[in-house]
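What follows is the residue order along each chain.
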Amino acid sequence: MSIADRSAPKALVVHSDLGTLAGIQDALSRGGCEIVAARDLPTALMAATHHFFHVVVISSRVTEEGDGWPLAGVMHLIFPQAYIAVIAPDKNVCSLQAAINHGATHVFETKTAPSEIAGAILKKFPTPSKRLQ
Amino acid sequence: MPSKPAMLIVDDESNVARTLKMVFEREGFEVETAFSCADALKLLDKKPPLDVLITDLNMEREDIGLEVARAAQQLKKRPVIVICTGYANPNNAQEALDLRVDYLATKPADLNELLAALRRLLALRAAQRGAAQ
């Protein structure tokens, strides 16, 4: 089933920084996504057992350096068709390699504004609010 | 008994290709080698479905391995696609990510890590095919 067939894409946003988390959450919600937010790994894993996600946005550093990558890998195993974005300090070879090897779809740099991240994700998904325009 | 997974190794350094062939044959793969992008593209057309493609990036010209990956991506039965290179940079790594390459290994590759990744990716592929049937 294509994403266009679904009513509202469901997104999991995992970030330890409350401001960034809220920013992405707000922007995706305004775009018509249903959001589940998590600030740590256990909450993120618990969310994955309760929901079906079409989009997952993860900081490469949730509680410690680099722990977002294996979480991205786990999310890719659970939701193989999901769009998985990782927010990393730099978009260098190491980050891009980690993204490929963990099944992520996209890497955003930490400096990218939450609205820009949400905008790039929403472009991939015709959410209900966008379809009405 | 299940048949051996079919692998194509593409590398213009024949010593590298032959060494990898020896290693992966010992691990139970049926391995074919090609020493250029042109030869690899011919083999992709002719051969029965491949399970794994491992390609170098720089052969006839820089980053031409991405063309092999792109061609493999379009096969009816898409193999697990691995790029193995000593010349990864942010541009070709981004392109590999956009192509949804399954694994990016940098030379000298850790063969145990690569083998573990291949087994995981093949098992995942088999599970997805099983679920789709």
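Conventions and cut-offs
- Residues numbered from 1 in each chain as written.
- Chains lettered and ligands numbered in written order.
- Predicted model: local features only at pLDDT ≥ 70, side-chain atom pairs only at ≥ 80, totals over all residues.
- Helix = DSSP H or I, 4+ residues; strand = E, 2+ residues; numbered from the N terminus.
- Rg over C-alpha atoms; globule rule 2.2 N^0.38 Å.
- Buried ≥ 20, exposed ≤ 12 C-beta atoms within 10 Å, placed from the backbone.
- Contact = placed C-beta atoms within 7 Å.
- Core = buried A, V, L, I, M, F, W, Y, C linked by C-beta atoms within 7 Å.
- Axes fitted to C-alpha atoms, helices over the stretch in contact; angles between N-to-C directions.
- Parallel < 35°, antiparallel > 145°, perpendicular 65-115°, else oblique.
- Left-handed = near helix turned anticlockwise from the far one by under 90°.
- Nonpolar A, V, L, I, M, F, W, Y, C, P; charged D, E, K, R; others polar.
- Pairing = 2+ DSSP bridges.
- Right-handed = clockwise from strand over helix to strand, strands pointing away.

**Side note on the overall build of chain B**
Helix and strand content of chain B: five helices and five strands. Starting at the N terminus and walking to the C terminus, you meet the elements of chain B as β-α-β-α-β-α-β-α-β-α. A compact globule built from 133 residues should have a C-alpha radius of gyration of about 14 Å, and chain B, at 14 Å, falls within 12% of that. By principal-axis analysis of the C-alpha atoms, chain B measures approximately 40 × 30 × 30 Å. Evaluated residue by residue, chain B yields a buried proportion of 35% over its 133 residues. Of all intrachain contacts in chain B linking residues separated by at least 6 positions in sequence, the fraction that spans at least 24 positions is 56%.

**As for the overall build of chain A**
Assigned secondary structure in chain A consists of six helices and five strands. Listing each helix as α and each strand as β along chain A from the N terminus yields β-α-β-α-β-α-β-α-β-α-α. A burial count over chain A gives 43% of its 133 residues as buried. When contacts within chain A are restricted to residue pairs at least 6 apart in sequence, long-range pairs at least 24 apart make up 59% of them.

**A look at unusual backbone geometry**
All names here are of chain B. With an omega dihedral of 0°, the bond running from K107 to P108 counts as a cis peptide bond. Phi at D63 is positive, roughly 65°, even though this residue is not glycine. For D63, the location among the structural elements is in the loop between β3 (52-55) and α3 (65-73).

**Some remarks on the nonpolar core**
General note: in soluble globular proteins, nonpolar side chains tend to be found buried as a group. Of all hydrophobic cores here, the largest spans 79 residues; its most connected members are V56, V57 and V86 of chain A together with V82 of chain B. In terms of residue count, the dominant contributor to this core is strand β4 (residues 83-88) of chain A (six residues). Those residues in contact with V82 of chain B that sit more than four places away from it in its chain are V52, L53, I54, D102, Y103 and A105 of chain B.

**So, the packing of helix α1 (residues 18-30) of chain A against helix α5 (residues 114-124) of chain A**
All names here are of chain A. Look at α1 against α5: their axes get within 8 Å of each other, and the N-to-C directions meet at 40°. Put simply, α1 runs oblique to α5. You can see that α1 and α5 cross each other, and the crossing is right-handed. Each of T20, G23, I24, A27 and L28 in α1 lies in contact with α5, whose residues at this interface are P114, S115, I117, A118 and I121. Residues that form the contact of α1 with α5 fall into these classes: seven nonpolar, three polar and no charged.

**Structural notes on the pairing of strand β1 (residues 6-10) of chain B**
Within a regular strand, the side chains alternate between the two sheet faces. Residues and elements named next belong to chain B. With four of five residues buried, β1 is to be regarded as a mostly interior element. When β1 meets strand β2 (residues 30-34), the two strands line up parallel, connected through five bridges. Paired with M7 across the two strands is V31, which belongs to β2. Taken together, β1, helix α1 (residues 14-26) and β2 form a β-α-β motif whose crossover is right-handed. Relative to β3, β1 runs parallel, the two sharing four bridges. Pairing of M7 across the sheet is with V52, part of β3.

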